[in-house]
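Listed below are the residues making up each chain.
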Amino acid sequence: MGAGSRPPQAFGGIPEIMETLQEQGYIADRDVALSIHLSVALHKPLLIEGAAGVGKTEIAKVMARAVATDLIRLQCYEGLDVHTALYEWNYQRQMLRIKLEETTGRPVEEKEHLIFSEPFMLKRPLLQAITADQAPVLLIDEVDRADEEFEAFLLEVLSDFQVSIPEIGTIRARHIPYVVLTSNRTRDLSDALRRRCLYLWIDYPTFEKELAIIHRKVPEINDRLARQIGAFMQLVRRVNLDKVPGIAETLDWSAALLALHRDHLDPTAVEETLGCLCKDQEDLTRVRARYLGPILERIDAIGQSGDGWNSDRIAQLAAQLPKGR
Ligand SMILES: Nc1ncnc2c1ncn2[C@@H]1O[C@H](COP(=O)(O)OP(=O)(O)OP(=O)(O)O)[C@@H](O)[C@H]1O
Ligand SMILES: [Mg+2]
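Residues numbered from 1 in each chain as written. Chains lettered and ligands numbered in written order. Predicted model: local features only at pLDDT ≥ 70, side-chain atom pairs only at ≥ 80, totals over all residues.

When helices and strands are tallied, the protein shows 15 helices and nine strands. Its C-alpha radius of gyration of 25 Å places the protein more than 25% over the 20 Å reference for a compact globule of 325 residues. Here the C-alpha coordinates of the protein stretch approximately 90 × 40 × 40 Å along the principal axes. Within the span of the protein, comprising 325 residues, buried residues form 32% of the whole. The long-range fraction of contacts in the protein, counting pairs at least 24 apart against all pairs at least 6 apart in sequence, stands at 77%. (Helix = DSSP H or I, 4+ residues; strand = E, 2+ residues; numbered from the N terminus. Rg over C-alpha atoms; globule rule 2.2 N^0.38 Å. Buried ≥ 20, exposed ≤ 12 C-beta atoms within 10 Å, placed from the backbone. Contact = placed C-beta atoms within 7 Å.)

Counting buried positions along strand 8 (residues 178-183) yields six of six residues, so the element is predominantly enclosed. Here strand 8 shows no split at all, with Tyr178, Val180 and Thr182 on one side and Val179, Leu181 and Ser183 on the other all buried. Two elements, strand 1 (residues 46-50) and strand 8, share four bridges in a ladder whose sense is parallel. Considered in strand 8, the bridge of Ile48 is made with Thr182. Across four bridges, strand 5 (residues 137-141) lies against strand 8 in parallel orientation. What sits directly across from Ile140, in strand 8, is Leu181. (Pairing = 2+ DSSP bridges.)

In this section: the packing of helix 5 (residues 91-101) against helix 6 (residues 108-115). Between helix 5 and helix 6, whose axes approach to 10 Å, the crossing angle comes to 150°. Judged by the inter-axis angle, helix 5 sits roughly antiparallel to helix 6. Note on packing geometry: the crossing formed by helix 5 with helix 6 is right-handed. Where helix 5 abuts helix 6, its residues Gln94, Arg97, Ile98 and Glu101 lie against Lys111, Leu114 and Ile115. (Axes fitted to C-alpha atoms, helices over the stretch in contact; angles between N-to-C directions. Parallel < 35°, antiparallel > 145°, perpendicular 65-115°, else oblique. Left-handed = near helix turned anticlockwise from the far one by under 90°.)

Moving on: the site of ligand 1. Surveying the vicinity of ligand 1 reveals 20 residues, the closest of which are Gly55, Lys56, Thr57, Glu58 and Ala248. Taken together, the elements giving at least two residues each to the shell around ligand 1 come down to helix 3 (56-66), helix 10 (207-217) and helix 12 (247-259). A breakdown of the residues in the shell around ligand 1 according to their chemical character gives nine nonpolar, seven polar and four charged. (Near = placed C-beta within 6 Å. Nonpolar A, V, L, I, M, F, W, Y, C, P; charged D, E, K, R; others polar.)

Attention now goes to the environment of Ile14. One can find Ile14 in helix 1 (residues 14-23). As a C-alpha pair, Ile14 and Val62 span 48 residues in sequence and 15 Å in three-dimensional space. Among all residues touching Ile14, those that are not within four sequence positions of it are Arg30, Ala33, Leu34 and His37.

This chain's UniProt record puts "domain: AAA+ ATPase" (unreviewed entry) on residues 42-203. Overall, residues 42-203 shows 37% helix and 25% strand. The separation of its end C-alpha atoms is 24 Å. (UniProt positions renumbered as here; feature names shortened; annotations may be inferred.)

Here we come to the domain arrangement of the protein. On domain assignment, one finds that the protein holds domain 1 (14-86 + 124-202), domain 2 (87-121) and domain 3 (207-319). Here domain 1 and domain 3 have C-alpha centroids that lie 32 Å from each other. With seven residues of domain 1 in contact, the opposing surface of domain 3 contributes 10 residues. Across the side of domain 1 that touches domain 3, the residue classes tally to four nonpolar, three polar and no charged. (Domains from an automatic or database assignment.)

And the structure:
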């Protein structure tokens, strides 16, 4: 196979990328667009780290939609091995072929060669990405969950975009995939992998960004409720929780409140739906007992004061919340 290539300028410059992300429903600041731009321009994988539910995986999905290409996803987990990631032989098909070949009188070497050829392979995500007809987005999701040996193998693939298969030989990428890796930092990734990638850190969103995301993803919601939800999320993230809720929780919660026909936050509405944002029993108890009242009081204070809803005002109020556990 020939040397890898990609259509030039598929993504355009930074302003075009920002516009495309926006069109695809992803609210992004310039940092994200810049990272995508550099990753595409320099042919380097983009490693995205951040807490759970802050929009890491979504970037790869949006990139694939933006240039109308396939998203090939390799979900990592402990014990993930090379075969599951790369290829397996299709034993059933091989067996069937051997049966059919029984009467043909072909030399054994030829039969062997036949059943160990590409049509008898089950391509797994990495090989699919390397052999795709159009440069796909290859999402290596939650790479921190895979073992270190697997990480070393990934490094090889990501540096050459080629794989050696003993029975077939070397398969080189026709089109170099756009690679996105995500990590929740459950373990530290190796320096070698980091060096190979460009790095993007995604933090919890500001109030303004989160509000824009709520409006974009749950457009039926009224502005007052959206602001209250946004402010609640900002405040609840500042208290001491074991599982800090991300944007995924914000959106679930918004949808739940909408489904219950709530048009503003009050203690009952929050009580009923707290399970959408606190996914840990101790956090639930803690928020109910200690923080729910104070947070709602502060949200009401913003609503009544006419000071305006913004990050600075919310940060001031957050500083007044009860401390410790
Ligand atoms: N900037 C954003 N604009 C629009 N939607 C967003 C944004 N960030 C996150 N979301 C939405 O929040 C949800 C969670 O995003 P995503 O799954 O990408 O998070 P993640 O960081 O990969 O989480 P995890 O660590 O749990 O895998 C998705 O529904 C996504 O659409
Ligand atoms: Mg994810």
